[in-house]
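Tertiary structure, described
Here are the chains, one letter per residue:
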Amino acid sequence: MSKYPVNHRKEPHYRKAKQKGYRARSAFKLIEIQKRFNIFKRAFYILDLGSAPGSWLQVTKQYAIENLEKYNDDHYFRSYYKIMGVDLKKLTPIEDVEIVRMDLTNKELMNKINEYFNREKLDLIISDASINKSGNRFSDQAKQIKLCYEILKLTKFLKHKGNFVIKLFQGKDYEEFYKVLKKKFINIKSFKPKSSYKKSNEVYLIALKKK
Ligand SMILES: C[S@@+](CC[C@H](N)C(=O)[O-])C[C@H]1O[C@@H](n2cnc3c(N)ncnc32)[C@H](O)[C@@H]1O
């Protein structure tokens, strides 16, 4: 079963994404998350997991460029940004963004992250990664949560007080994952963007300020 409504091309967010040059309507989910939680505040070193086709990377690059102007002050600041996107699928390149085609559960990814960011810690990790849905809510949810625990391992690259966003499917293991996250971050919010399909059980956890 398709995850999109039959006439998704007529859907307003789809049309708006096309108009704005975003590769997917998911761009608006990240924009909503930013408007609500300001996760990109002083974010210059950013990792995006499950990046294809690349709309979160497009949005991330816009915010990172804005940050170079906005936060050029005496507080934490970098004079350039570094963004890495990771996906199993091939992505059309984006200028000044490092794209890694790899399974994010592959241990080799840790070396790639260290290499690209010169072993420096990251300001922000965002993940829109999701398994290929089969239509069976229970097994899909179980597979997604397994992927989420793998993603969680990568938060070791996040700096103290860094922010983290992850997509989950609501279901039986959700509460447990939330509790695990609560041990690692000061503030956790769950958020369902307006631009998510109503029928979808996806939800984002916004984990602010790594302990
Ligand atoms: C909803 S899409 C991401 C859309 C993206 N945020 C955008 O705005 O264009 C989810 C992505 O997660 C990727 N994914 C799922 N499991 C993965 C894994 N183990 N390693 C890397 N990427 C994975 C899929 O290939 C898919 O492209």
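Just so we're clear, the structure is a prediction, and the values are computed from it rather than from any experiment.

**What about the overall build of the protein chain?**
- Looking only at helices and strands, the protein chain has 6 helices and 7 strands in total.
- Along the chain direction, N to C, the helices and strands of the protein chain fall in the order α-α-β-α-β-β-α-β-α-β-α-β-β.
- Relative to the 2.2 N^0.38 estimate, which gives 17 Å for 211 residues, the radius of gyration of the protein chain is 17 Å and therefore close to what a compact globule would have.
- Along the three orthogonal principal directions, the C-alpha set of the protein chain runs to about 50 × 40 × 30 Å.
- The buried share of the protein chain, taken over its 211 residues, is 34%.
- Sequence-distant contacts, at least 24 apart, represent 68% of the contacts inside the protein chain between residues at least 6 apart.

**Some thoughts on the packing of helix 2 (residues 27-37) against helix 3 (residues 55-70)**
- Viewed as axis vectors pointing N to C, helix 2 and helix 3 meet at an angle of 40°, and their least axial separation amounts to 8 Å. Relative to helix 3, helix 2 is oriented oblique. Note that helix 2 runs across helix 3; the crossing there is right-handed. On the side of helix 2, the interface is formed by Ala27, Leu30, Ile31 and Gln34, while helix 3 contributes Ser55, Trp56, Gln58, Val59 and Tyr63.
- Residue composition of the contact of helix 2 with helix 3, grouped by class: 6 nonpolar, 3 polar and no charged.

**Overview of the sheet that holds strand 2 (residues 82-87)**
- Across the sheet, 7 strands lie side by side as 3-2-1-4-5-7-6; this open sheet has mixed pairing. On the outer flanks of this sheet lie strand 3 (98-101) and strand 6 (185-191), each paired with one strand and no other. Neighbour-to-neighbour, the strand axes of this sheet turn through a mean angle of 15°, independent of strand direction.
- Relative to strand 5 (residues 158-169), strand 4 (residues 122-127) runs parallel, the two being bridged by 5 bridges. Note that in strand 5 the partner of Ile125 across the bridge is Phe164.

**Some points on the site of the ligand**
- Around the ligand, 23 residues are found, and the nearest of them are Ser26, Gly50, Ala52, Ser55 and Asp128.
- Listed by contribution, the elements that provide at least two residues to the shell around the ligand are helix 3 and strand 2.
- Across the shell around the ligand, the residue classes tally to 11 nonpolar, 7 polar and 5 charged.

**Things to note about the nonpolar core**
- If you look at the biggest cluster of nonpolar residues, it comprises 46 residues, and the most contacted ones within it are Ile46, Leu124, Ile125 and Val165.
- The residues contacting Val165, other than those within four sequence positions of it, are Ile33, Ile39, Ile126, Ser127, Tyr204 and Ile206.

**Section: the pairing of strand 7 (residues 202-210)**
- The pairing of strand 5 with strand 7 spans 6 bridges and is classified as antiparallel. Bridge pairing links Leu168 to Val203 in strand 7.
- Here strand 6 pairs with strand 7 via 6 bridges, running antiparallel. Bridging from a neighbouring strand, Asn187 pairs with Leu208 of strand 7.

**Examining the environment of Ile188**
- Its location among the elements puts Ile188 in strand 6.
- Taking the C-beta count within 10 Å as the criterion, Ile188 has 16 such neighbours and is therefore assigned partly exposed.
- As a C-alpha pair, Ile188 and Lys209 span 21 residues in sequence and 9.0 Å in three-dimensional space.
- Those residues within four positions of Ile188 in sequence are excluded, and the remaining contacts are Tyr178, Leu181, Lys182, Leu205 and Ala207.

**Quick notes on the environment of Glu202**
- Within the element layout of this structure, Glu202 appears in strand 7.
- Along the sequence, Glu202 and Asp128 sit 74 residues apart, while their C-alpha atoms lie 10.0 Å from each other.
- Aside from chain neighbours lying at most four places away, what touches Glu202 is Lys167, Phe169 and Ser196.

Reading the values: rules and limits
Residues numbered from 1 in each chain as written. Predicted model: local features only at pLDDT ≥ 70, side-chain atom pairs only at ≥ 80, totals over all residues. Helix = DSSP H or I, 4+ residues; strand = E, 2+ residues; numbered from the N terminus. Rg over C-alpha atoms; globule rule 2.2 N^0.38 Å. Buried ≥ 20, exposed ≤ 12 C-beta atoms within 10 Å, placed from the backbone. Contact = placed C-beta atoms within 7 Å. Axes fitted to C-alpha atoms, helices over the stretch in contact; angles between N-to-C directions. Parallel < 35°, antiparallel > 145°, perpendicular 65-115°, else oblique. Left-handed = near helix turned anticlockwise from the far one by under 90°. Nonpolar A, V, L, I, M, F, W, Y, C, P; charged D, E, K, R; others polar. Pairing = 2+ DSSP bridges. Near = placed C-beta within 6 Å. Core = buried A, V, L, I, M, F, W, Y, C linked by C-beta atoms within 7 Å.

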